[in-house]
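Chain and residue survey
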Amino acid sequence: MKRNKLINNILVFVLLFFGFTAWFAFLMPWDRLPDPDAFYHAKMASLTWKNGPIQSFPWLDLTTLDKNFADQHYLLHVLQMPFVNHWGIQNGSRISSLVFAVLAMLAMTIVFYKLKLKPFWAWAFLLAISDPFSTRLILGKSSPLILAVFFVAIGLYLLYKPGSDSAEPGARSPETGSDNPMVRWFGPIVRGAKSVMSGSGLRASSLFGLSVCGVLFSLLHGGWVILIGAVGLLMVGKFTFDVAIEKQKILSAIKNAGWAQLIFTALGVAIGI
């Protein structure tokens, strides 16, 4: 039974892959670049391929970019390099945009599947045909990669399971009952770090994954604060739910809002920067 379900899910992902590819190929304007920024990113990818990381921008010498420049989409340009080098700036930009859009939709679909949305493929399908969302993915920008990382980070936050991986059901960690407020408040973060170092359980993979998302997000786009803000909003949502629906005490809800997720996300962003 489980094997049949696995085969069916694999088949669904294969069909979605071809469906997404056909859909975005249909939307792609093959006679021109879809957005002026697409030329900038493709040209930067070409320059990065030939000269290495671009650390100055002398073409705008009458602006502040002459002396204060940082490639805020560095990872995008690195990922575009093989496409631009092989197919040229225009076709390389289009083909890379198509590939990134499909990968982004598959990444989101995996998150929907992991979160057990039913039917998970329908949510991905509706998202793919939604305009201007679908159009945004083929503009030759970092949007599809950013959205993929963003959705994965949201999924990792929601999949995170607090508590000790090795503890018995109902057992209380010795840190929880400590009279030291520093231990009680920061104990979950310390235990999360220990889990990451030891590589144990969903807690470890989720926290480590959030750090990786932070690194990727900051290297893909200068708006890295969006990811940290999103995790912060999730914390607010969890706190509100715990207090209003679960009837938890305010201090307990604050402590369990997801501080470990926020810290590991911010740590990843800091490393990327």
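Residues numbered from 1 in each chain as written. Predicted model: local features only at pLDDT ≥ 70, side-chain atom pairs only at ≥ 80, totals over all residues. Heavy atoms only, no water.

With that settled, consider the packing of helix α6 (residues 143-159) against helix α9 (residues 225-244). In contact at an axis separation of 11 Å, α6 and α9 are set at 30° when each is read in the N-to-C sense. Classed by the angle they form, the pair α6 and α9 counts as roughly parallel. α6 and α9 meet at a crossing whose hand is right-handed. Taking contact as the criterion, the partners of Phe150, Ala153, Ile154 and Tyr157 in α6 are, on α9, Ile226, Leu227, Ala230, Val231, Leu234, Met235 and Lys238. Classifying every residue of the contact of α6 with α9 gives 10 nonpolar, no polar and 1 charged. (Axes fitted to C-alpha atoms, helices over the stretch in contact; angles between N-to-C directions. Helix = DSSP H or I, 4+ residues; strand = E, 2+ residues; numbered from the N terminus. Parallel < 35°, antiparallel > 145°, perpendicular 65-115°, else oblique. Left-handed = near helix turned anticlockwise from the far one by under 90°. Contact = heavy atoms within 4.5 Å. Nonpolar A, V, L, I, M, F, W, Y, C, P; charged D, E, K, R; others polar.)

Space inside the second largest pocket adds up to approximately 420 Å³. In terms of lining residues, the second largest pocket is bounded by 14 residues, among which Lys5, Tyr113, Lys114, Leu115 and Lys116 are the most central. (1 Å grid on protein atoms, 1.4 Å probe; cavity = no way out; pocket = protein on both sides within 12 Å on 5 of 7 lines; lining within 4 Å. Points joined across faces, edges and corners; volume = space filled by probe spheres on them.)

With that settled, consider the side chain of Thr265. Its place among the elements puts Thr265 in helix α11 (residues 259-272). When its relative accessible area of 0% is taken as the criterion, Thr265 is described as buried. Within the local environment of Thr265, its side chain forms a polar contact with the backbone oxygen of Gln261, the two atoms lying 2.7 Å apart. Those residues in contact with Thr265, other than ones at most four positions away along the chain, are Leu210, Gly214, Leu227 and Val231. (Buried < 20%, exposed > 50% of the residue type's maximum accessible area, 1.4 Å probe, protein only. Polar contact = N/O pair within 3.5 Å; in protein donor to acceptor, adjacent residues only side chain to side chain.)

Further remarks concern the nonpolar core. Grouped together as the largest cluster of nonpolar side chains are 23 residues, with contacts concentrated most on Phe20, Phe24, Met105, Met108, Phe112 and Leu127. Of all elements in the fold, only α1 (2-27), α3 (74-114), α4 (120-128) and α6 reach the threshold of two or more residues within this core. Top element by residues in this core is α3. It accounts for 9 residues. In this structure Leu127 touches Met105, Met108, Phe112, Phe133 and Phe151, once residues within four positions along its chain are discounted. Counting residues in each nonpolar core, the second largest holds 14 residues, with Phe100, Ala153, Leu210 and Leu227 among its members. (Core = buried A, V, L, I, M, F, W, Y, C linked by side-chain atoms within 4.5 Å.)

Time to look at the pattern of salt bridges. Side-chain pairing between opposite charges can occur once the charged atoms of the two side chains come close. Evaluation of the coordinates by the stated rule reveals 4 salt bridges. The partner of Asp31 in a salt bridge is Arg32, with the nearest N and O atoms 3.3 Å apart. The exposed category is assigned to Asp31, whose relative accessible area is 62%. Residue classification places Arg32 among the partly exposed residues on the basis of a relative accessible area of 48%. Between Asp242 and Lys238 there is a salt bridge; the shortest N-O distance is 2.9 Å. Note that Asp242 and Lys238 are positioned in helix α9 at a spacing of 4 residues, about one turn of the helix. Residue Asp242 is classed as buried on the basis of its relative accessible area, which comes to 5%. (Salt bridge = Lys/Arg side-chain N within 4 Å of Asp/Glu carboxyl O.)

Right, let's talk about a positive patch on the surface for a bit. Positive charge collects at one region of the surface, where Lys5, Lys116, Lys118 and Lys161 lie side by side. Here Lys118 shows up in the loop between α3 and α4. (Patch = residues over 30% accessible without salt bridge, like charges linked within 9 Å, V, L, I, M, F, W, Y side chains within 5 Å. Areas by Shrake-Rupley, 256 points an atom, 1.4 Å probe, with all protein chains shown as cover. Lys, Arg positive; Asp, Glu negative; His and termini not counted. Charge placed at Lys NZ, Arg CZ, Asp CG, Glu CD.)

Another aspect to go through is the packing of α3 against α4. Two elements in contact, α3 and α4, have axes separated by 8 Å at closest approach and are oriented at 145°. Relative to α4, the crossing made by α3 is right-handed. Contact residues: α3 offers Met105, Met108, Thr109, Phe112 and Tyr113, while α4 offers Phe120, Trp123, Ala124, Leu127 and Ala128. For the contact of α3 with α4, a count of residues per class yields 9 nonpolar, 1 polar and no charged.

In short, geometric facts, not functional conclusions.
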